[in-house]
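Secondary and tertiary structure notes
The residues making up each chain are set out below.
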Amino acid sequence: MATPLFDRSLLPSQEHSRLPSSFSFRPLQSDDFHNGHLDPLQDLAYIGKVDEASWANRFAYMKSCPDTYFVLVITNEQGRIAGTGTLVAERKFLFETGIQGHIEDIAIAKCHQGRGLGLALLNALSHIAAEVGCYKTILDCSAKNVKFYAKCGYEQGGHEMQRYIDEKAREKNV
Ligand code: ACO
């Protein structure tokens with residue numbers, strides 16, 4: 001029996017999720033290496049060599065951090081993963097020890113793009129963020145995706161800055 005990364009009760013109800021009828025949301029689960037979890041991510045950034053053991057180690061680590069990692073997936077009728085996105089809930093001292101949500105690694109498989117899955121995914125992650133008590137969610141994106149995130153309710157604030165430590169990461173633009 002596969003283990004979910006987080007509690008299903010955090011998911012929005014079917015009527016609020018607004019996915020096309022053959023798709024559904026669920027938490028990432030322990031056997032998703034075999035359900036194509038890495039496939040949509042190919043269109044996002046360099047993945048490199050990730051075998052089943054390293055995938056399982058990363059899943060186990062996330063699972064061991066309570067109330068922190070929320071990796072959501074969209075599956076099709078065959079149970080294959082069509083899209084994925086992550087909410088990381090950061091505990092802060094600021095805002096009266098508030099929780100800030102970081103939206104990461106949003107990706108819809110190329111063959112399913114342009115059908116409303118990305119928008120539904122962002123709305124569902126916002127729902128989870130509210131459920132776990134985040135006061136806001138933030139994300140970094142490239143200029144070509146600014147309009148998409150504006151449609152998802154995001155407004156521009158500040159500038160993204162980066163300082164690479166690993167030169168390979170710079171080369172791969174991750
Ligand atoms: N520029 C302008 N508008 C866009 C774009 C874009 N790049 N992408 C989508 N839209 C619009 C759509 O036209 C649609 O508008 P409408 O409601 O008026 O019809 C609305 O945004 C919703 O679009 P969806 O169909 O939900 O978008 P999709 O399912 O294709 O997902 C996404 C968008 C996630 C950017 C997808 O194209 C993708 O996975 N791209 C490759 C990976 C990527 O770049 N991910 C984002 C990384 S940033 C991060 O992870 C924080």
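Read on for a plain summary of the structure. None of the values given here were measured: they were computed from a predicted structure. (Residues numbered from 1 in each chain as written. Predicted model: local features only at pLDDT ≥ 70, side-chain atom pairs only at ≥ 80, totals over all residues. Heavy atoms only, no water.)

Considerations on the side chain of Thr-137
- Along the chain, Thr-137 turns up in strand S5 (residues 134-138).
- Among the polar contacts listed, one links the side chain of Thr-137 to the side chain of Tyr-154, at a separation of 2.7 Å.
- Excluding residues that lie within four positions of it along the chain, Thr-137 makes contacts with Leu-87, Gly-101, Ile-103, Ala-129 and Tyr-154. (Helix = DSSP H or I, 4+ residues; strand = E, 2+ residues; numbered from the N terminus. Polar contact = N/O pair within 3.5 Å; in protein donor to acceptor, adjacent residues only side chain to side chain. Contact = heavy atoms within 4.5 Å.)

So, the site of the ligand
- Surrounding the ligand, one finds 24 residues, the nearest of these being Ile-106, Ile-108, Gly-116, Gly-118 and Lys-151.
- Residue Ile-106 places a main-chain N or O atom 2.7 Å away from a nitrogen atom belonging to the ligand.
- When isolated, the ligand has an accessible area of 980 Å², and the protein chains bury 72% of it.
- Of all elements in the fold, only strand S4 (99-108), helix H5 (117-131) and helix H6 (146-151) reach the threshold of two or more residues within the shell around the ligand. (Near = heavy atom within 4 Å. Areas by Shrake-Rupley, 256 points an atom, 1.4 Å probe, with all protein chains shown as cover.)

Description of unusual backbone geometry
- A positive phi angle, close to 50°, is found at Phe-95, a residue other than glycine.
- Looking at the secondary structure, you find Phe-95 in helix H4 (residues 94-97).
- A relative accessible area of 55% means that Phe-95 is categorised as exposed.
- If you check the backbone angles, Glu-96 has positive phi at about 55° while not being a glycine.
- If you trace the backbone, Glu-96 turns up in helix H4.
- A residue is classified by how much of its surface remains accessible, and Glu-96, at 74% relative accessible area, is exposed. (Buried < 20%, exposed > 50% of the residue type's maximum accessible area, 1.4 Å probe, protein only.)

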